[in-house]
Amino acid sequence: MSGMTSSAPDESVGQIGPIEAAGVAPAAPGTAPAAPEVAAPPANTVVVPADEDPVAAAGSEVIGGPPGRRALLGVSWWIPARFLALVVIVVSVLGMAQKLPCYDGAWFQPGSPQYIHACYSDIPHLFSGRGFAAGLHPYVDRIPGTSGDLQYLEYPVLTGLFMQVAAWLTPGGGTQQSQEQWFWAINAGLLMACAVVAVVAVSRTHRRRPWDALLFALAPGLLLNSTVNWDLLAVALAAVALAWWAGSRPVWAGVFIGLAAAAKLYPLLLLGPLVMLCWRAGKWRECRALLGGAVGAWLLVNLPIMLANWQGWSTFYVFSKHRKEDYGSFWLILMQTRGVGLENLDLVIGVLMVLGCLGIGWLALSAPRRPRVTQLAFLVVAAFVLVNKVYSPQYVLWLIPLAVLARPRWRDFLIWQACEVLYTLGIWSHLGFVTGPKQHGIGDSWYHFAIVLHLLGTLYLVVMVIRDVLLPDRDPVRWDGSDDPSGGVLDQAPDVFVLGNARQLREEASYAGYAPAGPEQWLDEPHAPEPADSTRP
């Protein structure tokens, strides 16, 4: 039987953190504390969010209050994974119901109805628009009536295969509208399965905290955006990769990162944090296994298409490079305000992304305690979407599982999700305004406000995660003595290579062993002890 944690005060009201609990004096203001020696919690205990999170506790009143000490959590048929899967299915069905106005006709009407009802999806439009209705094969058959960068399907290979399977399952005959409805419905079902895989993987990444995955299952961003595009495929594969890494299986983690990168580009970013943390811990064998698995899986999926038709395979990358400022990004505000696009935008974004990755790399090596894997993973993907040329509504799906694992606090998560919901409603309202003859919706100024709001929401969560990295006693995952439940081989591993503040703290700890009286004598060169005289009695 799995145990349960006892209640813990909320971090926002001055709780006793692991530093004080360990009997270590807190660091002076403005300095980062060294990692205290805190015993890791028993592996069979399960953290109940209502026991440690006041927002979760308040929300649990809807179902009768927090579970008591006699609650048999995880020992009945309703283990966390099954319960979370059911919640995701319910939320996915509600998301499909939210698309009903479009399914019943708004997708197939000219102008703005699909935006006014806030139920837009790329899926039905691309059934005909990318040649699936005509039986064409992606990457090999040229799309009729196209030119420039979009002569072939502009999605990575594994996403194209996903679309092709859904097209094969779509019944033939009937009207084009009927086929597009079937195509969307089949894709929605397959994407729901991806969401189930993702939530189960998230629940198993932090073994002691499976119920944190409820944040993913109930996320408003999941409900509104799960069937806008095919992003959930990559999200599920990336979540499985993190679960494999947490289980100390670096080869399989690499394989699933490679597969996820073959479905969407962003999962490649997960390799950076893992490599940096392996460097800090000296886990080079596991790092090589990770990279080998990722490269091998990516090549296995992509190489056949590369050999069959290089132009078709490269369409996604060429299209992404040539894309201009687009919806949801800061660059769109800048372009529309100035009336002209920014020259060398790709270079500017590249420089900003490199600087962001360097900053995250420095944080990985210099933080007073080695950051958790999912903290750095969230930061690097958040940096990517913040500086990218486009920040589409469905991109929030990339961040949700990472945010759940990096900062499992309901208050912060809901603040961020509220910003994303307002942005999702804002972009559809704005598109309804610019595409409809009656201009129902919001104009540029209010849409710019919506963009700023969802960028600030993401930045807010970034700041909270960075604070947890620099002040580990504020990290909700580490307050009980845990190190890195998602770290796999990194969990409880000693540091081998550190920089900056971490090196300074380590050196101070080593000097302390030589200090005979007080800190003022640490500056003296330590004297080696005199050898024992074996001739003395």
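Residues numbered from 1 in each chain as written. Predicted model: local features only at pLDDT ≥ 70, side-chain atom pairs only at ≥ 80, totals over all residues. Heavy atoms only, no water.

Section: the overall build of the chain
The helix and strand inventory of the chain stands at 23 helices and two strands. Pairs at least 24 apart in sequence give 73% of the contacts found in the chain among residues at least 6 apart. When the accessible area of the chain is evaluated, it comes to approximately 24,300 Å², of which 65% is carbon and sulfur surface. (Helix = DSSP H or I, 4+ residues; strand = E, 2+ residues; numbered from the N terminus. Contact = heavy atoms within 4.5 Å. Areas by Shrake-Rupley, 256 points an atom, 1.4 Å probe, with all protein chains shown as cover.)

Focus: the side chain of aspartate 212
Relative to the helices and strands, aspartate 212 resides in the loop between α9 (176–205) and α10 (214–217). Only 2.5 Å separates the side chain of aspartate 212 from the side chain of arginine 209, close enough to count as a polar contact. Residues contacting aspartate 212, with those up to four places away along its chain left out, are Pro49, Val404 and Pro408. (Polar contact = N/O pair within 3.5 Å; in protein donor to acceptor, adjacent residues only side chain to side chain.)

What to know about unusual backbone geometry
Glycine aside, a negative phi is what most residues show, and trans is what most peptide bonds show. A positive phi is found at asparagine 344, a non-glycine position, where the angle reads about 55°. With respect to the element layout, asparagine 344 can be found in the loop between α17 (330–338) and α18 (345–366). Its relative accessible area of 54% is what places asparagine 344 among the exposed residues. One non-glycine residue, glutamine 492, lies in the positive phi region at around 65°. Here glutamine 492 is to be found in the loop between α22 (444–470) and α23 (500–512). (Buried < 20%, exposed > 50% of the residue type's maximum accessible area, 1.4 Å probe, protein only.)

Notes on helix α19 (residues 373–387)
Over its 15 residues, α19 runs 22 Å from end to end, which matches the ideal 21 Å to within 8%, given 1.5 Å per residue. Most of α19 sits inside the fold, with 15 of its 15 residues counted as buried. (Expected span 1.5 Å × (residues − 1).)

Here's the deal with the side chain of glutamine 151
Take glutamine 151: it is sitting in the loop between α7 (123–129) and α8 (157–169). Apart from the residues within four sequence positions on either side, glutamine 151 is in contact with Arg142, Ile143, Thr146 and Gln311.

Side note on the state of the cysteines
Going through the model one piece at a time under the given rule, you end up with one disulfide. Cysteine 102 shares a disulfide with cysteine 119; S-S distance 1.9 Å. The disulfide joining cysteine 102 to cysteine 119 has a torsion of about 80° about its S-S bond and is therefore right-handed. Of the two residues, cysteine 102 is situated in helix α5 (residues 100–103) and cysteine 119 in the loop between α6 (113–116) and α7; the sequence distance between them amounts to 17 residues. Free of any disulfide, cysteine 278 has its nearest neighbouring cysteine sulfur in cysteine 287, separated by 4.8 Å. On the basis of relative accessible area, cysteine 278 is assigned to the buried category, the value being 0%. (Disulfide = S-S within 2.5 Å.)

Some thoughts on the pattern of salt bridges
If charged atoms from side chains of opposite charge come close, those side chains can pair. The full count for this structure, using the stated rule, is 16 salt bridges. The salt bridge involving lysine 264 is made with aspartate 231; its shortest N-O contact spans 3.6 Å. A residue pair is termed long-range when its members are at least 10 positions apart, and lysine 264 in the loop between α13 (250–261) and α14 (271–281) and aspartate 231 in helix α12 (residues 231–246) qualify at 33 residues. Judged by relative accessible area, lysine 264 falls into the buried class, the value being 12%. Aspartate 231 gets classed as buried once you look at its relative accessible area, which sits at 1%. Aspartate 495 is the partner of arginine 280 in a salt bridge, and the nearest nitrogen-oxygen pair spans 3.0 Å. With arginine 280 in helix α14 and aspartate 495 in the loop between α22 and α23, this pair connects stretches of sequence that are 215 residues apart. Given a relative accessible area of 29%, aspartate 495 falls into the partly exposed group. Taken together, the salt bridges that share partners define one network made up of Arg280, Arg369, Arg370, Arg478, Asp483 and Asp495. (Salt bridge = Lys/Arg side-chain N within 4 Å of Asp/Glu carboxyl O.)

Thoughts on the environment of alanine 383
Within the element layout of this structure, alanine 383 appears in helix α19. Note: C-alpha distance between alanine 383 and valine 462 (79 residues apart in sequence) is 8.7 Å.

Some points on a nonpolar patch on the surface
Residues Leu347, Val351, Leu352, Val354, Leu355 and Leu358 make up a contiguous nonpolar surface patch of roughly 560 Å² in combined accessible area. Among the structural elements, valine 351 can be located in helix α18. (Patch = residues over 30% accessible without salt bridge, like charges linked within 9 Å, V, L, I, M, F, W, Y side chains within 5 Å.)

As for the confidence of the model for the chain
On average, residues of the chain score 86 in pLDDT, and 82% of them reach the 70 mark or higher. For residues 1–38, every residue scores under 50 in pLDDT, and the model assigns this stretch 73 contacts once sequence neighbours within four places are set aside. Overall, residues 532–537 carries pLDDT values under 50, and its contacts beyond four positions in sequence, including any with other chains, amount to zero contacts. (pLDDT = per-residue confidence, 0-100.)

Quick notes on the nonpolar core
Looking at soluble globular proteins, one finds that nonpolar side chains tend to be buried together. Residues Phe216, Trp245, Phe378, Val381 and Ile400 are the most contacted members of the largest nonpolar core, which totals 140 residues. Once residues lying within four places of it in the same chain are set aside, the contact partners of phenylalanine 378 are Leu399, Leu402, Ala403, Ala406, Leu461, Val462 and Val465. (Core = buried A, V, L, I, M, F, W, Y, C linked by side-chain atoms within 4.5 Å.)

A short note on the packing of α19 against helix α20 (residues 396–406)
For any two helices packed against each other, one specifies the crossing angle of their axes together with the interaxial distance. The contact between α19 and α20 brings their axes to 8 Å, and the two run at 145°. α20 is crossed by α19, and the crossing has left-handed handedness. In contact with Thr374, Gln375, Ala377, Phe378, Val381, Ala382, Phe384 and Val385 of α19, α20 contributes Trp398, Leu399, Leu402, Ala403, Leu405 and Ala406. Tallied by class, residues from the contact of α19 with α20 come to 12 nonpolar, two polar and no charged. (Axes fitted to C-alpha atoms, helices over the stretch in contact; angles between N-to-C directions. Left-handed = near helix turned anticlockwise from the far one by under 90°. Nonpolar A, V, L, I, M, F, W, Y, C, P; charged D, E, K, R; others polar.)

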